[in-house]
Each structure stands twice: as C-alpha cells, then as structure tokens.
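# Residue-level structural notes
The chain contents come next:
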Amino acid sequence: MSKIGILVASSNNNLKLGLKLQELALSQNHETELINLVDLRLPLYSTIEEQENGIPENALTLASKILALNAFIIVAPEYNGVMPPVLNNAMAWTSRATKDWRDAFNEKIVALATHSGGGGAKGLQAMRIMFQHLGSNILAREILTTYEKPLNEETAISMINNLAKLSKA
C-alpha cells in the first residue's frame with residue numbers, strides 16, 4: 001500500500017480541509033502523512049540565501065519525506081490568483097535539496113485541493129502548472145471548497161482511492 005502525503009500550505013481553512021482529507025483517507029485504510037509547510041518556517045529561497053547558509057535542515061527533511069511518497073495531495077489556498085508563497089517557497093527548496101531538481105516530484109501522482117474565500121480555480125491552475133512542470137502526474141479531478149460549498153465527501157473518497165490505486169508500484 002502506498003502512503004499518501006498531504007502537503008498543506010495553510011494554518012486555517014486549508015489545514016482543516018487537509019485534516020478532513022486525512023480522516024477520509026484513513027477511513028479507507030490508506031496510510032497518510034500530513035505535512036504542514038507553514039510549520040517548517042523555511043527562509044525565502046534565493047541563490048544568495050542558499051550560498052550563504054546552505055540548504056535548511058527542514059528542507060532536507062521535507063525533500064526526504066516527499067521522495068518516499070508515490071502520491072500526495074496538495075492543499076493550498078489561492079493567494080492573489082495563484083498559489084500561496086509558502087507552497088512555492090517549499091517546493092523551490094525541495095527542488096534544490098535533491099540530486100536532480102525534479103527528483104522529488106517526477107512521475108508522482110498528485111491531487112490538488114483548495115478551500116477558497118474567493119474563486120479558487122486560479123490557485124488550482126497555478127498549482128497544476130507548477131507540479132506538471134516538476135514532472136508530476138496530476139489527477140484531472142480537483143477539490144474546490146468555499147464557505148458556501150462544503151466538501152463533497154463521496155468525491156473526496158473517490159479521488160483518494162484513485163490516487164492510491166494509480167500510485168501503487
């Protein structure tokens with residue numbers, strides 16, 4: 001059985017969504033690991049930061065965890081029509097913490113989810129572009145919840161089971 005990683009880029013509603021997705025995955029007997037990227041408190045990536053201070057230990061640990069996963073769900077809010085800076089920054093550090101910049105993501109099966117106070121679709125699109133560029137295989141179906149549109153648990157379970165099925169080695 002493949003472990004499903006749940007990478008969350010929020011401390012609020014998207015964290016709640018990530019925890020709910022973890023609960024649903026566990027109810028389907030899937031092993032999970034939830035990683036809140038906010039908690040890592042990674043410095044802003046730049047080549048100067050990397051040259052002066054090296055790759056942070058938290059980035060190396062994150063890269064190791066992602067390398068060990070065959071599948072993950074990215075749960076992040078939409079910020080100004082794209083993904084939140086904490087997600088982009090964590091993925092930048094992860095790509096620098098591996099031998100090849102795509103190692104942690106290439107051929108991994110990825111699902112995308114967001115809780116948005118606004119539209120959310122542009123944030124999902126930005127995440128899709130980034131993870132496709134990194135070599136991931138993105139599920140076509142996404143989860144987009146809002147204050148008015150709660151999570152459809154049947155849809156989430158179906159997506160989780162698809163993720164697990166497609167990621168079996």
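Just so you know, these numbers come straight off a predicted model, no measurement behind them.

### Observations concerning the pattern of salt bridges
Counted by the stated rule, this structure contains seven salt bridges. Across the pair Glu-31 and Lys-3 runs a salt bridge, and its minimum N-O distance is 3.8 Å. Taken together, the residues span a long stretch of sequence, with Glu-31 in the loop between α1 (13–27) and β2 (32–36) and Lys-3 in the segment before β1 (4–8) at a distance of 28 residues. Its salt-bridge partner being Glu-33, residue Lys-65 comes within 3.3 Å of it at the nearest N-O pair. With a gap of 32 residues between them, Lys-65 in helix α4 (residues 57–67) and Glu-33 in strand β2 connect regions that are remote in the sequence. Connected via shared salt-bridge partners are Lys-3, Glu-31, Glu-33 and Lys-65.

### Description of the pairing of strand β4 (residues 109–115)
Of all seven residues in β4, seven are buried; the element is thus mostly enclosed. With burial as the criterion, each face of β4 is covered, one bearing Ile-109, Ala-111, Ala-113 and His-115 and the other bearing Val-110, Leu-112 and Thr-114. For strand β3 (residues 71–75) and β4, the ladder comprises five bridges, and the chain directions are parallel. Residue pairing in the sheet places Ala-71 in a bridge with Ile-109 of β4. Once you follow β3 into helix α5 (residues 85–96) and on to β4, the crossover reads as right-handed.

### Some remarks on the packing of α5 against helix α6 (residues 121–133)
Where α5 contacts α6, the two axes come as close as 12 Å, and the packing angle between them is 5°. As far as their axial angle goes, α6 and α5 are roughly parallel. Seen from α5, the contacting residues are Leu-87, Asn-88 and Met-91; seen from α6, they are Met-127, Met-130 and Phe-131.

### A few points about the environment of Thr-114
Here Thr-114 lies in strand β4. Among the residues examined, Thr-114 registers a relative accessible area of 1% and is labelled buried. Taking the C-alpha atoms as reference points, Thr-114 and Thr-146, separated by 32 residues in sequence, lie 8.4 Å from one another. If we ignore the near neighbours within four places in the chain, the residues touching Thr-114 are Asn-14, Leu-17, Ala-76, Pro-77, Glu-78, Gly-120, Leu-124, Ile-143, Leu-144 and Thr-145.

### Looking at the side chain of Ser-10
Examined against the element boundaries, Ser-10 turns out to sit in the loop between β1 and α1. Exposure remark for Ser-10: the relative accessible area of 8% places this residue in the buried category. Leave out the neighbours within four places in its chain, and Ser-10 touches Leu-15, Asn-36, Val-38 and Pro-77.

About the thresholds
- Residues numbered from 1 in each chain as written.
- Predicted model: local features only at pLDDT ≥ 70, side-chain atom pairs only at ≥ 80, totals over all residues.
- Heavy atoms only, no water.
- Salt bridge = Lys/Arg side-chain N within 4 Å of Asp/Glu carboxyl O.
- Helix = DSSP H or I, 4+ residues; strand = E, 2+ residues; numbered from the N terminus.
- Buried < 20%, exposed > 50% of the residue type's maximum accessible area, 1.4 Å probe, protein only.
- Pairing = 2+ DSSP bridges.
- Right-handed = clockwise from strand over helix to strand, strands pointing away.
- Axes fitted to C-alpha atoms, helices over the stretch in contact; angles between N-to-C directions.
- Parallel < 35°, antiparallel > 145°, perpendicular 65-115°, else oblique.
- Contact = heavy atoms within 4.5 Å.

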